[in-house]
Amino acid sequence: MAGHSKFKNIMHRKGAQDKKRSGMFSKLSREITVAAKMGLPDPDMNPRLRMAVNAAKAQSMPKDNIQRAIDKASKGDTENYEEIRYEGFGPGGVSLIIEALTDNRNRTATNVRTAVSKNGGNLGASGSVSHGFERMGLINYPASAGDADKVFEAALEAGAEDVTSSEDGHEIWTSNEALHEVVKALTPVLGEPEGAKLAWRPGTMVTVGLDEATQLFKLIDTLDDDDDVQTVWGNYEVPDEVMEKLG
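By convention here, each chain's residues receive numbers from 1 onward along its written sequence. Only residues with pLDDT of 70 or above have their local features reported here, since the model is predicted, and side-chain atom pairs are shown and tallied only from 80 upward, although totals for entire chains, interfaces and linings are computed over all residues. Calculation of side-chain values draws on the structure's entire complement of heavy atoms; hydrogens and water are dropped beforehand.

Quick notes on the side chain of arginine 201
For clarity, the threshold we go by: Only DSSP runs of H or I covering at least 4 residues are called helices, and only runs of E covering at least 2 are called strands; the numbering of each starts at the N terminus. Under the scheme applied here, a residue whose accessible area is under 20% of the maximum for its type counts as buried, over 50% as exposed, and between as partly exposed, the area being computed with a 1.4 Å probe on protein chains only. Nitrogen and oxygen atoms within 3.5 Å of one another constitute a polar contact, given that in protein one can donate a hydrogen and the other can accept it, and given that sequence-neighbouring residues count only through two side-chain atoms.
Examined against the element boundaries, arginine 201 turns out to sit in strand 7 (residues 195–202). Assessed through its relative accessible area of 13%, arginine 201 is described here as buried. A polar atom in the side chain of arginine 201 sits 2.4 Å from the side chain of aspartate 162.

Encoded structure:
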């Protein structure tokens, strides 16, 4: 198991928690519905649905909303959502992977392309940046789950591959295939995770300065505001002194 990396999922950077709750609930609901439609509508029998429900609970999404999203999957009149991945570059040469769930591929492609090009980036062909990332499982725990040593030992025992701990919390990395088994092993020890999903982990990082970071975060915020965009991953690293200036 490797040591501590400084990689931060974009979703956990400063300010990300200030996203509009309604927009967040809309994205969470969409993932729950898609997960329930692709498998059984029972979280205990459907690992992807279980992860989606846990993510919704971690954001204090009401139980009624969660159940409504599950029930929606069994109705024949629901939208047919399609999973699409966009790849490209942001300010400062940062590699970006943008994951979307959409019922209108043309609308989403236009919105994503516009957001990226207007904020100092450009989209590339499929595979243009994903070769620099590894597809892995990512499990998030709050700092309150335990100190770094406790979480590291629990993760090692559960079969994880890497752990990153900071004052913001713990990131536990697993192989793609082992995600659900590791979550199952960790839950009795550390409790329910805040989130668990398939992620894109970069092999190399790009350090960005103040100007690039300002434009990059504007781009990410624009993408976050799009209901079709579920997650944005990047290989950027922002030095602490730059983060302080950004507030």
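Considerations on the confidence of the model for the protein
So the rule is basically this: Per-residue confidence from the predictor is reported as pLDDT, a score between 0 and 100. Two residues form a contact once any of their heavy atoms are found within 4.5 Å.
Averaged over every residue, the pLDDT of the protein is 87; the share at 70 or more is 89%. Within the protein, the element-level pLDDT minimum falls on helix 8 (residues 240–246), averaging 83, and the maximum on helix 4 (residues 105–118), averaging 96. The low-confidence segment residues 1–18, where pLDDT is below 50, has 53 contacts with residues more than four positions distant or belonging to other chains.

Notes on the sheet that holds strand 4 (residues 133–141)
Just so we agree on the cut-off: Each pair of strands is called paired provided DSSP finds at least two bridges between the two strands. The angle between two axes is taken between their N-to-C directions and runs from 0 to 180 degrees, where each axis is a line fitted to C-alpha atoms and a helix contributes only its stretch in contact.
Taken in spatial order, the 4 strands of this open sheet run 5-6-4-7, and their pairing is antiparallel. Looking along the sheet, the strands with just one partner apiece sit at the ends: strand 5 (162–166) and strand 7. Each neighbouring strand pair of the sheet contributes to a mean axis angle of 30 degrees, computed without reference to strand direction. Pairing analysis gives 8 bridges linking strand 4 to strand 7, with the strands arranged antiparallel.

Topic: unusual backbone geometry
Of note, serine 60 is a non-glycine position whose phi angle comes to about 60 degrees, a positive value. You can see serine 60 is positioned in the loop between helix 2 (47–58) and helix 3 (63–73).

What to know about the packing of helix 4 against helix 7 (residues 210–224)
The geometry of a pair of packed helices is captured by two quantities: the angle between their axes and the separation between those axes. Filter applied, for reference: Just so you know how the angles are binned, under 35 degrees is roughly parallel, over 145 roughly antiparallel, 65 to 115 roughly perpendicular, and the rest oblique. For any pair of crossing helices, the crossing counts as left-handed if the nearer helix is rotated counterclockwise from the farther one by less than a right angle, and right-handed if it is rotated clockwise. Polar here means any residue other than Ala, Val, Leu, Ile, Met, Phe, Trp, Tyr, Cys and Pro, which are nonpolar, and Asp, Glu, Lys and Arg, which are charged; Gly is therefore polar.
Closest axis-to-axis distance for the helix 4/helix 7 pair is 9 Å, and the angle between their directions is 165 degrees. By the angle between their axes, helix 4 is roughly antiparallel relative to helix 7. The element helix 4 and its partner helix 7 pack so that their crossing is right-handed. For the pair formed by helix 4 and helix 7, the contact residues are Val112, Ala115 and Val116 on the first element and Leu219, Thr222 and Leu223 on the second. For the contact of helix 4 with helix 7, the residue count by class is 5 nonpolar, 1 polar and no charged.

Quick notes on the sheet that holds strand 1 (residues 82–89)
Hydrogen bonds between backbone atoms are what pair the strands of a sheet, whose relative direction is either parallel or antiparallel. Strand order in the open sheet formed by 4 strands is 3-1-2-9, with antiparallel pairing between adjacent strands. One side of each edge strand has no neighbouring strand; the edge strands of this open sheet are strand 3 (122–124) and strand 9 (229–234). Within the sheet, the average angular offset between the axes of one strand and its neighbour, ignoring direction, is 30 degrees. Inspection of the sheet shows strand 2 (residues 95–102) paired to strand 9 by 5 bridges, in the antiparallel sense.

Topic: a negative patch on the surface
Definition in use: Only residues whose relative accessible area exceeds 30% and that form no salt bridge are eligible for patches; like-charged ones are grouped when within 9 Å, while nonpolar side chains (Val, Leu, Ile, Met, Phe, Trp, Tyr) are grouped when within 5 Å. Reported accessibility uses the Shrake-Rupley method at a 1.4 Å probe radius. Residues are deemed covered only where the shown protein chains occlude them. Here, a salt bridge means any Lys or Arg side-chain nitrogen found within 4 Å of an Asp or Glu carboxyl oxygen. Residues scored as positive are Lys and Arg, those scored as negative are Asp and Glu, and His as well as the terminal groups of each chain are ignored. A single reference atom marks each charge: NZ on Lys, CZ on Arg, CG on Asp, CD on Glu.
Taken together, the side chains of Asp147, Asp149, Glu153 and Glu157 present a region of like negative charge at the surface. When you line up the elements, glutamate 157 lands in helix 5 (residues 148–158). Exposure remark for glutamate 157: the relative accessible area of 72% places this residue in the exposed category.

Digging into the packing of aromatic side chains
The test is simple: The aromatic pairing rule takes the rings of Phe, Tyr and Trp, using the six-membered ring of Trp, and pairs them if the centres are within 6.5 Å, calling planes under 30 degrees apart stacked, those over 60 edge-to-face and the rest tilted.
In this structure the tally under the stated criterion is 1 aromatic pair. Between phenylalanine 217 and tyrosine 236, the ring centres sit 5.9 Å apart and the planes meet at 75 degrees, which makes this aromatic pair edge-to-face. On the criterion of sequence distance, the pair formed by phenylalanine 217 in helix 7 and tyrosine 236 in strand 10 (residues 236–237) is long-range, its members being 19 residues apart. Residue phenylalanine 217 is classed as buried on the basis of its relative accessible area of 9%.

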